Amino acid sequence: MTERHLHPDALLVRDLSVSFDGFKAVSGVDVSFAPGELHFLIGPNGAGKTTLVDALTGLVKGTGSASYGGKELLGLRSHKIVRAGVGRTFQTATVFDQLTVLQNLDIAAGLHRPAWRLAFARHGVPAAVDEALEKIGLSDLRHKPAGVLAHGQKQWLEIGMLLVQDARVMFLDETVAGMSADERAETGELLRRIGRERTIVVIEHDMDFVRNHADVVTVMHAGKVLAEGSVAEIQANEAVQEVYLGRTAKGNVHA
Amino acid sequence: MTTKLKSFLPLLGIAALAIALLVVAPAVLSDLRLNNLAKYCCWAMVAVGIGLAWGRGGMLVMGQGVFFALGAYAMGMHMQLESVGDGGIPTFMILYDPLAPLPAFWEPFRSGAFTIAMIVVAPVVVASILGFAIFKRRVKGAYFAILTQALAVALATLISGTIKYTGGDTGLSGFTSFFGYTLDDPLNRRLIFTITATLLVGCLVVAWQLYRSRFGELLVATRDAEERVRFLGYDPANIKLVAFVVAAVMASIGGAMFVPIVGIMAPKSMDAAASIFFIAGVALGGRAALFGPVLGALAVGYGQSTLSEQWPGTWIYVLGLLFIVVTIALPGGIASLATRGAGLLARLRSSDRKAASA
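Residues numbered from 1 in each chain as written. Chains lettered and ligands numbered in written order. Predicted model: local features only at pLDDT ≥ 70, side-chain atom pairs only at ≥ 80, totals over all residues. Heavy atoms only, no water.

(A) Up close: the sheet that holds strand E1 (residues 11-20) of chain A. Residue and element names in this part refer to chain A. Pairing in this open sheet of four strands is antiparallel, and the strands run E2-E1-E4-E5 from one edge to the other. The open sheet terminates on both sides in strands that have one partner only, identified here as strand E2 (23-33) and strand E5 (71-72). Bridge count for strand E4 (residues 63-68) against E5 is two bridges, and the pairing is antiparallel. Residue pairing across strands places Tyr68 opposite Lys71, the latter belonging to E5. Set on the sheet, helix H1 (residues 49-56) makes contact with E1, E2 and E4; between it and E1 the angle comes to about 110°. (Pairing = 2+ DSSP bridges. Helix = DSSP H or I, 4+ residues; strand = E, 2+ residues; numbered from the N terminus. Contact = heavy atoms within 4.5 Å. Axes fitted to C-alpha atoms, helices over the stretch in contact; angles between N-to-C directions.)

Have a look at this one:
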């Protein structure tokens, strides 16, 4: 699917650069993310993956352009980008520990409600919240404070929050890091299910997970896009092999 | 019990407090004690606001004296003008310049309606401007606390330095009537107590509704992970601003009622030390609990009066000691004793069960 950028709902990143005090963490990145495929961002540590996502979600300043749904995302503040339909998770799951699972999901649904409704208590469970609870498999834990959830469950809760937010584009930062093999498999299934009509971009280090679930892989290195393609194409790419094999043990890319 | 019913339980607590204040207290307390209780109720209103801003919102508001002063001086100016009658000017002004006209900003406070409106509008305007500037710039934590404290110091200094307009350190006093009711009459003073206690109950109901509302959940979320809230599509600055403004209005109303009850309003009732005193009750009672700040403020107020009656000068040490002990041993305040007790009981029970099954 090289015509990704032609998709009407694609997020188009053009010539995006981010620099910190003269150091270019991301430089001249062109990449397109389209709905319906699981798009993975991989690359060695310090390649600029998280910085790229930070720039697209308003956490750091970037130059260039990133347009989604006719809107320029660069320059918007984080909460406006979220309201434009672009959401994200973080490397360390940040759910609201003091609130229950249900409350976490409910406040995430808040951006679709008029502000004055904030003055009132919740009555019943909104349909979107119920649906998300079902999808992320936390229905039985809905009244538990999010702080007591296991690491994997917190990551699922974050994905659930993006679902009720109805984020059309989701950036997931190392979601399966620290998960057990079973949890990884379940997460993969979950992403497949919700990714059909959404744009899902996953930053990942776990190559098995990438191999099992990626439709498209974009490899970053030293702030630039090194290669893009299917898993097979990436594995056969010499530049990628050099970057990975030159630094880490053999077998990280070749299974 | 269903969760829905459970969320109404605190209303029973508020009702109990209302009965204690409005029925029991007037029946058993002497006029003097009742007037003291009215004063504690004023501090308790400030405390409910601090509970909202600090306990739920994580903003350590160390300068609530600023908003306390807004309400108090609005009320003080009105009562001063009411006491001197139509066209008169306050006696302290005559002392400085017998021929000086009433300052222009005093004039509208002849009107009772204007005064009542300002008691609410002034803190809303001031807190909105301050809050907007502070929260949009993402000032938080210790910097926020110091900033608010500095504002209280600055305002106290300003009032002290503008004797001709505000009465300076001596303050406003010599009031004789409150919206047409003479302050000499004990019955009228009981009426003022009733109004104050009712306002306090009102503040608690507002806090209860805010805590159970979605806003309350969002406020706690903002307290615990402000940056994360941005990724829910909210600007945390706006959420904090609302809590800050509501807290300011409560402090202002408390300040306004303080004036007819105590009969004097001077900078020392709103300066840095007074602002910290507001905080102390909240911390002792439990800042995040609904009833923590009220009970804490009432207790600290009572403690101050009774202890300083018997051993003048020792109270401040007792308060300091209490503050240290509670902060170290009970960070959730006295209100957390209940949940702690319940937790301990549950643990004892489960260890009993384990012992039985072993």
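Having put the structure on the table, let's press on.
(B) Spatial organisation of the side chain of Thr218 of chain A. Residues and elements named next belong to chain A. Take Thr218: it is sitting in strand E9 (residues 216-221). Thr218 sits in the buried class, given a relative accessible area of 1%. Side-chain polar atoms of Thr218 contact the side chain of Glu228, separated by 2.9 Å. Other than its neighbours up to four places away in sequence, Thr218 contacts Val31, His39, Phe40, Leu41, Ile42, Val225, Ala227 and Glu228. (Buried < 20%, exposed > 50% of the residue type's maximum accessible area, 1.4 Å probe, protein only. Polar contact = N/O pair within 3.5 Å; in protein donor to acceptor, adjacent residues only side chain to side chain.)

(C) Fine view of the packing of aromatic side chains. All names here are of chain B. Taken as a whole and judged by the stated rule, the model has 18 aromatic pairs over all chains. Measuring from ring centre to ring centre gives 5.2 Å for Phe68 and Phe258, while their planes differ by 65°; the resulting arrangement is edge-to-face. Of this pair, Phe68 sits in helix H4 (residues 65-84) while Phe258 sits in helix H12 (residues 236-262), placing them 190 residues apart in sequence. The pair Phe68 / Phe258 is uniform in exposure class, with both members buried. Judged by centre distance (5.6 Å) and plane angle (25°), the rings of Phe135 and Phe144 are stacked. With relative accessibility at 3%, the residue Phe135 sits in the buried group. Through pairs of rings, three or more aromatic residues link up here, namely Tyr40, Trp43, Phe68, Phe258, Phe277 and Phe278. Here Arg212 stacks its cationic end above the ring of Phe8, 4.8 Å away from the centre of that ring. Over the ring of Trp54 we find Arg287, and its NZ or CZ is 4.7 Å from the ring centre. (Phe/Tyr/Trp six-rings, centres within 6.5 Å; stacked < 30°, edge-to-face > 60°. Lys NZ or Arg CZ within 6 Å of the ring centre and 35° of its normal.)

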